[in-house]
Each structure stands twice: as structure tokens, then as C-alpha cells.
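Spelled out from the first residue to the last, the chains are:
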Amino acid sequence: MAIENNPVEVFDTVFNRNDAQLSPRLEHGTPEARTFKIIVIGDSNVGKTCLTYRFCGGIFLKNPEATIGVDFREKTLELDGERIKLQIWDTAGQERFRKSMVEHYYRNVHAVVYVYDVTSLASFQSLPEWIGECSRHSVGPMVPRILVGNKCDLGGHREVATSHAQRLADGYTFPLFETSAKDPAEKEHVDAIFLTLAYRLKSHKPLRLKQPIESGGPLWYQREHETATCQC
Ligand SMILES: Nc1nc2c(ncn2[C@@H]2O[C@H](COP(=O)(O)OP(=O)(O)OP(=O)(O)O)[C@@H](O)[C@H]2O)c(=O)[nH]1
């Protein structure tokens, strides 16, 4: 659900419904999918909207408008024979678009994706503030989180070294992914971000770190013996 109108109207139409209403019942006879709410947060312009579009729709949005309040997308996955629905809340990076709705982002959150832009040191330096904001809004320490460095296709303009990001991620014990919403070859890595969270939420098991697929290539994490198919 893209929210493009007056934020106040949007607030009324979306947020005054409870989570059950946000996850409509499936047709009779279809197994109900377990639903998890994932919020995607980080500075404006880091690519939060493009990452969620790449995962949910398989496309790259060239000229997305700045998110006002929140955009809301869903994707249903079948993981090891179980239907899992991810409600992905793409939140506004700009403070002026966040104020009235911030409490609602953090209500009943199951997982968090923190995004920075590898070509913007400032967006990386903001991460502790975003992480602190989650804590201030009672997102508990057991809520799975992932750190994502986006825009890896712009390698020549990189301002955040992988080693630097890895140190931060290790300090918080979050997995780190580096990827690009733009590069179609990176789609698998974008999917891996959300699938990693989906498996974690489904099983309540800790994430297990494995070696990056190619040394020097994008970092991502994979769980053994797990396969997924997506139903859009
Ligand atoms: N080169 C490159 N550009 C990207 C990538 N992801 C997003 N962009 C561009 O970065 C700009 C911002 O992308 P958005 O997805 O709107 O960023 P956002 O974080 O959602 O921004 P807000 O809605 O303001 O919070 C757009 O011009 C995108 O086309 C990427 O992986 N590589």
C-alpha cells in the first residue's frame, strides 16, 4: 500500500486499524500465513524504498519520491512448507515526514532493517541514532535486526569501508549485508536480507554467520538446508 496523500488522512485510514485488519484473512481453505512486521529505517535517500521494491516487486525504482510517513508493502513466502507473510514498513527518513507517525512504526515490530548508503559517511554515522530511536520506542533486544549498506554499485564513490561497517555490526551483534537495490545481479542479496529475517522469525533461532560467498564480494549470510520460494 503506497501512502501518497495527506499524512493525517493516511494516519486515520491505516493506523487506526489493528494488526489483524492489516493482514486480511485468506480465502476459506487456504492456510493462514503467519504475519511479521518488519520496519526499514535509516537516513533519507539511502535507498529504503528501492530495497523494499526490489524485494517485493523485483524492480528498481529510478525516481522514487521521498516517503511521506510510511509506505507499506507485503510479501508472502513459503519457507519449508510454511506460509509466512512479511509486512514491510518503509519509513520516511526525513524528520518532517516522521513526526506524527513515529509511535506507529515501532508498535508490535518483529524485526528491523537499518539501511545506510555506502557512498555517504553521514548516513553511516547516523546509525547509532536510529538504533537508539528503536530502544527509546521499546523495541526489545531480542528483536532481530540487520544492517544493510546499500548502493554498492557505486563502488568508486564509496565512503564507508566494509571493514568499518563490519566493526559496527559486530559491536551490536547484527549481521551485515552490503548490496545494491539498483543492480539486478544483486537481487539475490536483497532477497537474502528479508529471507534471513523470515527464517529467524519463523524458527526463533539465532542467525548463524557463514563465510561471504566470494571473498571481497558482497557480504551476506546464509543458513544451511533452507530453501524458500516467494509468492507475490
Ligand atoms: N546507484 C544506486 N542508487 C540507488 C540505489 N538505491 C536507491 N538509489 C537511488 O537513491 C535515491 C533514493 O532512493 P529511495 O529508495 O527513495 O531512498 P529512501 O531511503 O527511501 O528515501 P526517503 O523516502 O527520503 O527516506 C533514488 O534516486 C534512487 O534511485 C542503489 O542501490 N544504487
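Provided above is the structure to which this section pertains.
Residues numbered from 1 in each chain as written. Predicted model: local features only at pLDDT ≥ 70, side-chain atom pairs only at ≥ 80, totals over all residues. Heavy atoms only, no water.

What to know about helix H3 (residues 48–57)
Quick reminder: α-helices carry 3.6 residues per turn. Residues three or four places apart thus point the same way. In terms of burial, H3 is a largely internal element, 8 of the 10 residues being buried. For H3, the secondary structure elements touched by its buried residues are strand S1 (34–41), strand S2 (70–79), strand S3 (82–91), strand S4 (111–117), strand S5 (145–150) and helix H9 (187–203). Two residues or fewer after H3 comes Gly58, characterised by a positive phi angle close to 75°. (Buried < 20%, exposed > 50% of the residue type's maximum accessible area, 1.4 Å probe, protein only. Helix = DSSP H or I, 4+ residues; strand = E, 2+ residues; numbered from the N terminus. Contact = heavy atoms within 4.5 Å.)

Side note on the environment of Arg107
Structurally, Arg107 can be placed in the loop between helix H5 (102–105) and S4. Assessed through its relative accessible area of 45%, Arg107 is described here as partly exposed. For the pair Arg107 and Thr67, spaced 40 residues apart in sequence, the C-alpha to C-alpha distance is 19 Å.

A short note on the site of the ligand
Around the ligand there are 23 residues in total, and Ser44, Lys48, Thr67, Gly93 and Asp153 lie nearest to it. One nitrogen or oxygen atom from the main chain of Val46 is found 3.2 Å from an oxygen atom belonging to the ligand. In this structure, an oxygen atom belonging to the ligand sits 2.9 Å away from a main-chain N or O atom of Cys50. For the ligand, whose free accessible area comes to 650 Å², the fraction covered by protein is 89%. With 3 residues, the top contributor of residues to the shell around the ligand is H3. Considered class by class, the residues forming the shell around the ligand number 9 nonpolar, 8 polar and 6 charged. (Near = heavy atom within 4 Å. Polar contact = N/O pair within 3.5 Å; in protein donor to acceptor, adjacent residues only side chain to side chain. Areas by Shrake-Rupley, 256 points an atom, 1.4 Å probe, with all protein chains shown as cover. Nonpolar A, V, L, I, M, F, W, Y, C, P; charged D, E, K, R; others polar.)

A look at the side chain of Lys75
Relative to the elements of secondary structure, Lys75 occurs in strand S2. Despite its burial, Lys75 remains without a salt bridge, the nearest opposite charge being carried by Asp191 at 5.6 Å. For Lys75, the side chain forms a polar contact with the main-chain oxygen of Phe55, separated by 2.9 Å. (Lys, Arg positive; Asp, Glu negative; His and termini not counted. Salt bridge = Lys/Arg side-chain N within 4 Å of Asp/Glu carboxyl O.)

So, the packing of aromatic side chains
Inspection of the entire model under this criterion finds 6 aromatic pairs. Plain terms: the ring middles of Tyr114 and Phe174 are 5.7 Å apart, the flat faces sit at 15° to each other, and that makes the pair stacked. Of this pair, Tyr114 sits in strand S4 while Phe174 sits in the loop between helix H8 (162–172) and strand S6 (176–178), and the two are 60 residues apart along the sequence. Neither Tyr114 nor Phe174 differs from the other in exposure class; each is buried. Relative to Phe124, the ring of Tyr116 has its centre 5.0 Å away and its plane inclined at 70°; by these criteria the two rings are edge-to-face. (Phe/Tyr/Trp six-rings, centres within 6.5 Å; stacked < 30°, edge-to-face > 60°.)

Thoughts on the pairing of S2
Most of S2 is tucked away, with 8 of its 10 residues classed as buried. Where S2 hands over to S3, the hairpin turn is made up of 2 residues, of which Asp80 adopts a positive phi near 50°. (Pairing = 2+ DSSP bridges.)

Brief notes about the packing of H3 against H9
Packing of H3 against H9 leaves a shortest axis separation of 9 Å and a crossing angle of 95°. Between H3 and H9, the angle falls in the class roughly perpendicular. Contacts from Leu51, Thr52, Arg54 and Phe55 of H3 reach H9 at Lys187, Val190, Asp191 and Phe194. Residues belonging to the contact of H3 with H9 are distributed by class as follows: 4 nonpolar, 1 polar and 3 charged. (Axes fitted to C-alpha atoms, helices over the stretch in contact; angles between N-to-C directions. Parallel < 35°, antiparallel > 145°, perpendicular 65-115°, else oblique.)

Some details on the environment of Gly47
Checked against the element boundaries, Gly47 lands in the loop between S1 and H3. Along the primary structure Gly47 and Lys151 are separated by 104 residues, whereas in three dimensions their C-alpha atoms are 7.6 Å apart.

What about the side chain of Asp43?
Along the chain, the position of Asp43 falls in the loop between S1 and H3. For Asp43, the residues in contact, after removing those within four places along its chain, are Lys48, Gly93, Val115, Ala122, Ser123, Ser126 and Trp130.

Description of the pattern of salt bridges
Here the structure, examined in full by the defined rule, presents 9 salt bridges. A salt bridge links Asp71 to Arg73; the shortest N-O distance between them is 2.9 Å. By the burial criterion, Asp71 is buried, and Arg73 matches it. Of the charged contacts in the structure, one is a salt bridge between Lys187 and Asp191, with a shortest N-O distance of 2.7 Å. With a gap of 4 residues between them, Lys187 and Asp191 both fall in helix H9, about one helical turn apart. Residue class for Asp191 comes out buried when judged on its relative accessible area of 14%.

Remember, this is a structural readout, not a statement about activity or role.
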